[in-house]
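Residue strings, one per chain:
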Amino acid sequence: MTEYVGMAMPRYDGIGQVKGQTKFVDDFVLPGMLYAKALRSPVHKGLIRSVDFSAAKKVPGVVGFVTADDIPGNRLFGACGDQQVLAESYTAYKGEDIALVVAVDEDTCMEALEKVKLDIEEQEPVFDMFEAAKPGAPLVRPDLKSNMWEFMPGVTTRVIYLGDVDKGLAEADYIVEGRYTTGEQDHAAMEPMVSVAYFDDAERLVIHTHSQCLQFQLGSLASIFDLPLSRIRYIGGVVGGGFGGKNHIHADHFAGLAALKFRRPVKYRLSRREDLLYSTKRGVFILEYKTGVKKDGRLTANYIKLWHDAGAYGGFSPYGVEKCSMFASGPYHIPNMRVEGQCVFTNKAGSSSMRGFTIMNGQFPMEMQMTKVAEAVGIDQWELRFINAWRDGDMGVSRYVVRGAGALEAMTGAAKLAGIELPDHLLAMSSRGR
Amino acid sequence: MKQILSFTLNGAPVDVIVTATETLLDVLREKLGVTGPKRGCDNGDCGTCTVLLDGEPVRSCLTIALTVAGRQVLTVEGLSPDGDLHPLQKAFHEHGAFQCGFCTPGMLMSAKALLDTNPNPSRVEIREYMSGNLCRCGSYEEVVEAIQAVAAGEYKE
């Protein structure tokens, strides 16, 4: 068996891919299949007064509409269970789904959508997370007490610490401050969000999904449809690129609800434009550092304040804050650390998971900070990183003991590839001990 | 208004009823069940819907279906009609020139058009020619290698 280690093996599904035979979700075109498109909020924040489908209903080819009243089960979903499947009385971001129009093809859906009369009262939105965090700021959603995510009831700051950061800062010869921002990012998978759903001959709801993680979503879907798991066949496996964006339900709930109501196969898909505007994103992170360091380059303390823009709904953002907090001090031994993280709602499409979740949103600023610390102390950047790199037995901020450390060896390899000659005393260091 | 569109698809004649606004991609995917060409952006940006029209690569999402009347359309399904893989298909498979595979049908058609007109392209020429086909997974390096391997005669029909 070990003879295969290190060998490049052809992919088991590769022949199908190069022959164009691999069935992506949008490749399923079923007899009698209907199409659905979403009626979306035209405003960033609004109160829905009424939705009038009477003119839209008359468009030839329209089969019907799906609203929140058609949902048999749970009307909320998402990793935090706070997102509306279909908006009932309020919308919290521009493009939020209010209803589905279902018709024989997408052109008919679009024509009907133009004839839906939506009466919505525009309200004052809040986009900046520091504005949103202020007491008295307009609430992003009426179901919130404040715009801050509560990690536990009443607790809006997630604190993770090791040692005593005040003591560590007092021991330092230099204290270096820095503030770093990472922006929003879309996954931009080649395959836009799409789902196909229908009932099979055993009365099971079949959903063809491009989900990256079926087990994240199956339970949530079952609760929306109010169906036992045994009555849902959730078929995945072929994903036209995900990058974290397909951890969140974007289409399966709508194809499923329309199939439930009309008992016909339904395809629901986002156009590229809808996908870019309304799917979940990597959200903004802002990190403020206060790092203590001795003259010889040993780090004594790292105090981080962290803010994350969740958009209108939680998604994986609170988890992202915790994950970012754990890794925002990089692979470095710092005896005293404290991270205070906050997750703030704003009237934007929800942010959620993306590649590496949120680890690099912490590691990138930490490396910027290390460069700044090296300049402040007046020592070489490589030297600073080598002195402080994790050795086996060091402890991270969430009190895990580091085993199998490899930062020194990785940096040595990187320097070699970059043609940088490191001094002998650095090359003599090992991750096996300090 | 509906019309009958007749053209040659992967070597066989087809007749299909279309409207004036339908694109070649709509007709191939939704009416003829030819789902090799993918709908990535529907806007001519990503290249995954690329097919050959009389040997020339075109974006099927930007091609009005009626304009292909009487012409030859080749999709990825037509690359290996007798079951044997085309050299480019073999090379893409063995070089791992894709991850999710959503861009592959368009990549293969652009690569075929390149080698049909320039059998020995340089690395720079390959990169330039293939620049209209996006791969979000980032398999560009392997795509270039696979095309180079075919050009070098490493894969035979």
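Residues numbered from 1 in each chain as written. Chains lettered and ligands numbered in written order. Predicted model: local features only at pLDDT ≥ 70, side-chain atom pairs only at ≥ 80, totals over all residues.

Asks: Please set out the nonpolar core residue by residue, giving values where relevant.
Replies: Residues Ala36(A), Leu100(A), Val101(A), Val102(A), Ala255(A) and Ala258(A) are the most contacted members of the largest nonpolar core, which totals 101 residues. Split by domain, the residues of this core number at least three in each of domain 1 (2–78) and domain 2 (87–151) of chain B. Not counting chain neighbours up to four residues away, the residues in contact with Leu100(A) comprise Ala36(A), Lys37(A), Ala38(A), Phe65(A), Val66(A), Phe254(A) and Ala258(A). Counting 44 residues, the second-largest nonpolar core is a separate cluster that includes Tyr313(A), Tyr332(A), Val344(A) and Trp390(A). (Core = buried A, V, L, I, M, F, W, Y, C linked by C-beta atoms within 7 Å. Buried ≥ 20, exposed ≤ 12 C-beta atoms within 10 Å, placed from the backbone. Domains from an automatic or database assignment. Contact = placed C-beta atoms within 7 Å.)

Asks: How would you sum up the interface of chain B and chain A? Please name residues and give values.
Replies: Interfaces are often sized by the amount of accessible area the parts lose when they come together. Taken together, the contact pairs 33 residues of chain B with 22 residues of chain A. With four residues, helix H2 (residues 87–95) of chain B is the largest single contributor of residues to the side of chain B that touches chain A. Among the residues making up the side of chain B that touches chain A, the classes are represented as 13 nonpolar, 13 polar and seven charged. (Helix = DSSP H or I, 4+ residues; strand = E, 2+ residues; numbered from the N terminus. Nonpolar A, V, L, I, M, F, W, Y, C, P; charged D, E, K, R; others polar.)

Asks: Give me the lowdown on the sheet that holds strand E11 (residues 194–199) of chain A, citing residues and values where you can.
Replies: Residue and element names in this part refer to chain A. Strand order in the open sheet formed by seven strands is E3-E7-E1-E14-E11-E12-E13, and the pairing between neighbours is mixed. In this open sheet, the two edge strands, each paired with only one partner strand, are strand E3 (62–66) and strand E13 (232–235). Taking each pair of neighbouring strands and ignoring which way they run, the sheet shows an average axis angle of 20°. Across four bridges, the pairing between E11 and strand E12 (residues 205–208) is antiparallel. Bridge pairing links Val 196 to His 208 in E12. In the packing of helix H7 (residues 252–262) onto the sheet, the strands contacted are strand E1 (34–40), E3, strand E7 (97–103), E11, E12 and strand E14 (266–269), and the crossing angle to E11 comes to about 25°. (Pairing = 2+ DSSP bridges. Axes fitted to C-alpha atoms, helices over the stretch in contact; angles between N-to-C directions.)

Asks: I'd like a rundown of the pairing of strand E16 (residues 299–311) of chain A, residues and numbers included.
Replies: All names here are of chain A. Most of E16 sits out of view: 11 of its 13 residues are buried. Of the strand pairs in this sheet, strand E15 (residues 285–293) and E16 are connected by nine bridges, and their pairing is antiparallel. Across the sheet, the residue bridging to Phe 285 is His 308, located in E16. Linkage of E15 to E16, two consecutive antiparallel strands, is achieved through a turn of five residues, within which Gly 297 is found at a positive phi near 100°. Taken together, the 10 bridges between E16 and strand E17 (residues 336–345) define a ladder with parallel strand orientation. In the sheet register, Leu 306 faces E17, and the bridge partner there is Gly 341. Between the parallel pair E16 and E17, the chain is carried across by helix H9 (residues 317–327), and the sense of this crossover is right-handed. (Right-handed = clockwise from strand over helix to strand, strands pointing away.)

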